[in-house]
Amino acid sequence: DLVEVMKPFNNIHGSGFVRESLRGNPIASGTVGLHNLGNSCYMNSILQCLNQIKPITNFFLKGEYLNEMNKNNPLGSGGRISTAYASFLNDVWGSEYSILAPRLLKQTVGSFAPQFNNNFQHDSHEFCQFLMDGLHEDLNRVKNKPYVEQFEAYGMEDRLAAEQSWRNHLKRHDSVFVDHTQGMHRSHLTCPGCGRESVKFDVYSSISLPLVPPKSGSTIPLKDCLDQFAAGEQLDEHNAWYCSNCKRHVCALKLITLWNTPDVLVFHLKRFTFEKCPDVEGRILKRKIEDTVNFPIDRLDMTEYVLGPVDPDAPPIYKLFGVSEHSGTTANSGHYTATVRNSEDGNWYRYNDSNVGFTSGDAAITGGAYLLFYQRSKGSLRWAGMEKELSGSPALDEEGFQAVVGKKKKKNGR
C-alpha cells in the first residue's frame, strides 16, 4: 500500500497540509504520478505529455541545456524555468520516486506568469504554450535579437517567401524547441470589399482545429476537422484585418495552409466556444463541445495538408504519443488527466494526478480529448525541414531578389 507523506507547509497561498514526493519504484521508467498541488491537474496533464518528447527530454537529462542557457534574455526567466524543468525531469527519470510533487516547477512558473501563481484551475493549452515558450526563450541561442519586419509575400514564389520568412524567424528564435516543435504556415487574406490580397508565412507550435458537427453518429473524424481548418474562414470583427486599400478594418477571408510540419505536432481541439447571447446585449455564452473526435493512434498522414516540399526520408506521417484530457464545462474548471505513450517501453499509461495505470491509445478517444501530441514516425527534420531547404538556397537581398550565382567561377574551376 502507498502511504502519502503529509506535512504542514508554509504555502504562499495559505497554510495547510501538502503532499510530498513519495520514494518508491515507478510503474515504468519515466512513468511517475504527480501530486495535485491545488487545482494543478492542468499542469500535471501537460507535464506528462511533454515528458515523453524524447529529443527534448534527453537534451535536459544529458545536461545539454546548460550549454545553451540564455540567462540574459529579457523574454526568458534567466534560466530559472529551464533549471526547474531539468530538475523535474531528473526526478521523473531517476527511478527513485513513484509519485512526485512538482512544487518547485509550479512556483517558478508562477513567479514569471502571475496568471498561474494561484490555486485556480487553468486551461491546459494556455499552460502548454506558456511553458514551451518560456523554455524556448530560456534556451534561445540568439543572444541579441535584431528588429525584423514581417514582409509581404503576395506575388512572390511560395518557396522563396517561406525560406526568407524562416531566415527572419531564425534571427530572433533558435532553440531545441525551434528544432523539433515549430513549423510554418501560409496565411492568405483577401479583402471582401476591394479584393486586395496579402500573404504571410507565420510560425506555429500548435494547430487549433475547429470541431465540425458530426455527419453520422456522435463521433467526428479528425480528418473532418483538418479539412475544415484547411477550408478557411471569414474573420469576425474582433479579429478584423486592416486593408490598406480600403483604409479600414475588414472581416477578411482567411485561408491558412500548412507549409510544413515539425517532428512534434500538437493539435488543440477547439472544444470551448464563446457565443453572443441573443437575449442579453454584451453577454457571452461559454459552451463546451463534448463530441468525440476519432483521431488515428498509429498513423496520421498529413501529406495532403502540407503545401511545401515533402522529404521521403522523413514524411509528414505521425503517431500519437500523448493526449491532454478535460472533463467539465469550461477550460478553467473541471479536471484534467492525460493518456500517454511511454517513449521507452512503448506502452500506454493513464495519468490522473498521482494515480497511474496501464491503458491503451484507443482509450484516449473520448469526448474529453483536448490536446493531441503526435511525433514523426520515420526520420527527423530540424526546423520542420527548413534546414535542408535553406542549405541549398541562397538568401534574398533586401528587395526580395535572389542573388544570381556567377557562372564564370565554375569555368575557372573555382
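See the structure shown above.
In this numbering scheme, every chain counts its residues from 1 along its sequence in written order. Selection of residues for local features in this predicted model requires a pLDDT of at least 70, selection of side-chain atom pairs for listing and counting requires 80 or more, and totals for whole chains, interfaces and linings are taken over all residues. For side-chain calculations, the full set of non-hydrogen atoms in the structure is used, while hydrogens and water are omitted.

A separate point is the environment of proline 296. Structurally, proline 296 can be placed in the loop between strand 17 (292–294) and strand 18 (300–301). The partly exposed category is assigned to proline 296, whose relative accessible area is 25%. Separated by 23 residues in the primary sequence, proline 296 and lysine 319 place their C-alpha atoms 7.6 Å from one another. It only takes one pair of heavy atoms within 4.5 Å for two residues to be counted as in contact. The residues contacting proline 296, other than those within four sequence positions of it, are Leu222, Leu320 and Tyr374. We count a stretch as a helix when DSSP gives it H or I for four or more residues in a row; a strand needs E for two or more, and each element gets its number in order from the N terminus. Think of it in three bands: residues with accessible area under 20% of the maximum for their type are buried, residues over 50% are exposed, and the middle band is partly exposed, with areas taken using a 1.4 Å probe on protein chains only.

The aromatic pairing rule takes the rings of Phe, Tyr and Trp, using the six-membered ring of Trp, and pairs them if the centres are within 6.5 Å, calling planes under 30 degrees apart stacked, those over 60 edge-to-face and the rest tilted. The tally for this structure, following the rule as stated, stands at 15 aromatic pairs. An angle of 55° between the planes, with centres 5.9 Å apart, marks the rings of phenylalanine 116 and phenylalanine 130 as tilted. Separated by 14 residues along the polypeptide, phenylalanine 116 in the loop between helix 5 (103–112) and helix 6 (124–138) and phenylalanine 130 in helix 6 bring together distant segments of the chain. Using a relative accessible area of 2% as the deciding quantity, one classes phenylalanine 116 as buried. On the basis of relative accessibility, which here comes to 21%, the residue phenylalanine 130 falls in the partly exposed class. Members of the aromatic cluster, each reached through a chain of ring pairs, are Phe59, Phe60, Tyr65, Tyr85 and Phe88.

Right, let's talk about the pattern of salt bridges for a bit. When a carboxyl oxygen of Asp or Glu is within 4 Å of a side-chain nitrogen of Lys or Arg, the pair counts as a salt bridge. The tally for this structure, following the rule as stated, stands at 22 salt bridges. Aspartate 227 is the partner of lysine 223 in a salt bridge, and the nearest nitrogen-oxygen pair spans 3.1 Å. Of this pair, lysine 223 and aspartate 227 both sit in helix 9 (residues 222–231), four residues apart, which is roughly one turn of the helix. Note on lysine 223: relative accessible area 41%, which makes it partly exposed. Because the salt bridges share partners, they merge into one network encompassing Glu68, Arg141, Asp174, Asp179, Arg382 and Glu387.

To define a nonpolar core, start from buried Ala, Val, Leu, Ile, Met, Phe, Trp, Tyr and Cys residues and group those joined through side-chain atoms within 4.5 Å. In terms of nonpolar packing, the biggest core is built from 51 residues, with Leu50, Phe60, Tyr85, Phe88 and Phe373 touching the most fellow members. The biggest single contributor to this core is helix 4 (residues 80–93), with eight residues. In contact with phenylalanine 373, not counting residues within four places along its chain, are Ile46, Cys49, Leu50, Cys128, Leu265, Val266, Lys319, Leu320, Phe321 and Gly322. Grouped together as the second largest cluster of nonpolar side chains are 30 residues, Tyr204, Val212, Leu226 and Leu320 included.

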